[in-house]
Amino acid sequence: RSTTVPNIDGSLNTEEDDDEDDVVDLAANSLLNKLIRQSLVESSHRVEVLQKDPSSPLYSVKTFEELRLKEELLKGIYAMGFNRPSKIQEMALPMMLAHPPQNLIAQSQSGTGKTAAFVLAMLSRVNALELFPQCLCLAPTYELALQTGRVVERMGKFCVDVEVMYAIRGNRIPRGTEVTKQIIIGTPGTVLDWCFKRKLIDLTKIRVFVLDEADVMIDTQGFSDQSIRIQRALPSECQMLLFSATFEDSVWQFAERIIPDPNVIKLRKEELTLNNIRQYYVLCENRKDKYQALCNIYGGITIGQAIIFCQTRRNAKWLTVEMMQDGHQVSLLSGELTVEQRASIIQRFRDGKEKVLITTNVCARGIDVKQVTIVVNFDLPVNQSEEPDYETYLHRIGRTGRFGKKGLAFNMIEVDKLPLLMKIQDHFNSNIKQLDPEDMDEIE
Ligand code: ADP
């Protein structure tokens, strides 16, 4: 794997193995999402609820006061700037805080308030005077565990004497140490080790068990089995909660194995649509020609900010250098960067420090840059068998129907790729107009 990034002056330390398609790393994407998230993600769908006991009344809350939380916890919530429960929290919190405790499986896309909900549940069930682990939260990676821990620390700011401990590799506990912290957040392997081998945690005293990011968890070898081994050792009255951003069958099967008698809450994801996107294509001979067309478009219309997608890292780098040499302010986002580096590039772009963001597939998902008016497919997204990758096309240029503004999309097409474009057009039953790059009047 190459670690090449453009130098400040735009030159590259090229290595030749850098042309592979970026592999999607679920945990990295999830972390990136958290790092760049600034507010709740909205959804126009209704929350679907499946109660374990359908005859019991269904409560929902519109305010945090209704939950009768400890004073110090309510203070922490308001200090975080939360005014009212999110859509999913309205339904989930009453179930999570009920007496006797109820188990819950909840699915909603990232950014809808799941973490805040289970952190609230853990903090409300913890007894600060008891100095042993009472809440256990499993996360897929060290970094994700830390992110959740930060939320516990912020929300629990006024809950004096409640403390968090991280069961993650590298956090060495001297032999004979007694763990007195009430909330443990960790990865399955290390938690298993702490519970069974080192006997630092007495699982029979755990009251709340949270399995976060279940979809990422089952994607990691061994984590499902380890999580199940941990869950099996919990007392039957322990509250068990599972969260996931997506819900394929595999996640569902895992969730049902690990959470007994659950209530289920789902919030469907906002669908992406191409309806309010005007799509164009420009026929080109080669890469240089594509670049020229891009420059013409750029010179021809007023552009706020643009995202340009390339299929390979090599193309993305080439384009970055070309544009830099022509005096454009561009930044390059690609899979070889660390998640922190990616987050900072996206943040700079959001702040308007660069006008153009060039990127490869890996970063296409989850970037939600509202002010972007133009998306350019410098290369069409294709899969391994050189067929159009419809889903990626939709993710690159689609907007959510209700919240999305109008947008413009340009596809730079070599003549031999035209059939692919036509397939895309048919697939989405939408109109992609040919554009003469010398004549931009067409667009206005
Ligand atoms: P998820 O776990 O589903 O990804 P989070 O709990 O991390 O969602 O919430 C997403 C963002 O929204 C975070 O920045 C969080 O601080 C914020 N948030 C969560 N709940 C609320 C709320 N009730 N009101 C305002 N902001 C909230």
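Everything here concerns the structure above.
Computed from a predicted structure; not experimentally measured.

K.L.:
Sorry if this is basic, but what is going on with the overall build of the protein here?
P.N.:
Along its length, the protein carries 14 helices and 17 strands. Per-residue burial for the protein yields a buried fraction of 54% across its 444 residues. With an accessible surface of roughly 21,200 Å², the protein has 48% of that area assigned to carbon and sulfur atoms.

K.L.:
Which parts of the structure should I look at to understand helix α3 (residues 87-96)?
P.N.:
Along an α-helix, residues three or four positions apart point the same way, because every turn accommodates 3.6 residues. Most of α3 sits out of view: nine of its ten residues are buried. All of the buried residues along α3 are I88, Q89, E90, M91, A92, L93, P94, M95 and M96. Looking at the packing, one finds that the buried side of α3 touches β1 (47-50), β2 (103-108), α4 (114-125), β7 (239-244) and β8 (262-267).

K.L.:
What's the story with the site of the ligand in this structure? I'm lost.
P.N.:
Taken together, 17 residues lie near the ligand, and R84, Q89, G111, T115 and A116 sit nearest. A distance of 2.8 Å separates a nitrogen atom of the ligand from a polar atom in the backbone of R84. Note that an oxygen atom of the ligand is positioned 2.6 Å from one of the backbone N or O atoms of G111. Out of a free accessible area of 560 Å², the ligand has 82% covered by protein chains.

K.L.:
When you look at the packing of aromatic side chains in this model, what are you seeing that I'm missing?
P.N.:
We describe a pair of aromatic rings using the distance from one ring centre to the other and the angle between the two ring planes. Going through the model one piece at a time under the given rule, you end up with eight aromatic pairs. Through a chain of ring-to-ring contacts, three or more aromatic side chains come together here, namely Y291, W318 and F378. Over the ring of F132 we find K205, and its NZ or CZ is 4.6 Å from the ring centre. The cationic tip of K290 hangs over the ring face of F378; the distance from NZ or CZ to the ring centre is 5.3 Å.

K.L.:
When you look at the pattern of salt bridges in this model, what are you seeing that I'm missing?
P.N.:
Between side chains of opposite charge, pairing is possible as soon as their charged atoms come close. Counted by the stated rule, this structure contains 15 salt bridges. Between E213 and K34 there is a salt bridge, with the nearest N and O atoms lying 3.5 Å from each other. One end of the pair, E213, is in the loop between β6 (208-211) and α7 (214-219); the other, K34, is in helix α1 (residues 26-36), and 179 residues separate them in sequence. In this structure, the salt-bridge partner of E336 is K317, at a minimum N-O distance of 3.6 Å. Highlighted residues: E336 in the loop between β12 (330-333) and α12 (339-350) and K317 in helix α11 (residues 313-325), separated in sequence by 19 residues. In terms of burial, E336 and K317 fall into one category: buried.

The rules we used
Residues numbered from 1 in each chain as written. Predicted model: local features only at pLDDT ≥ 70, side-chain atom pairs only at ≥ 80, totals over all residues. Heavy atoms only, no water. Helix = DSSP H or I, 4+ residues; strand = E, 2+ residues; numbered from the N terminus. Buried < 20%, exposed > 50% of the residue type's maximum accessible area, 1.4 Å probe, protein only. Areas by Shrake-Rupley, 256 points an atom, 1.4 Å probe, with all protein chains shown as cover. Contact = heavy atoms within 4.5 Å. Near = heavy atom within 4 Å. Polar contact = N/O pair within 3.5 Å; in protein donor to acceptor, adjacent residues only side chain to side chain. Phe/Tyr/Trp six-rings, centres within 6.5 Å; stacked < 30°, edge-to-face > 60°. Lys NZ or Arg CZ within 6 Å of the ring centre and 35° of its normal. Salt bridge = Lys/Arg side-chain N within 4 Å of Asp/Glu carboxyl O.

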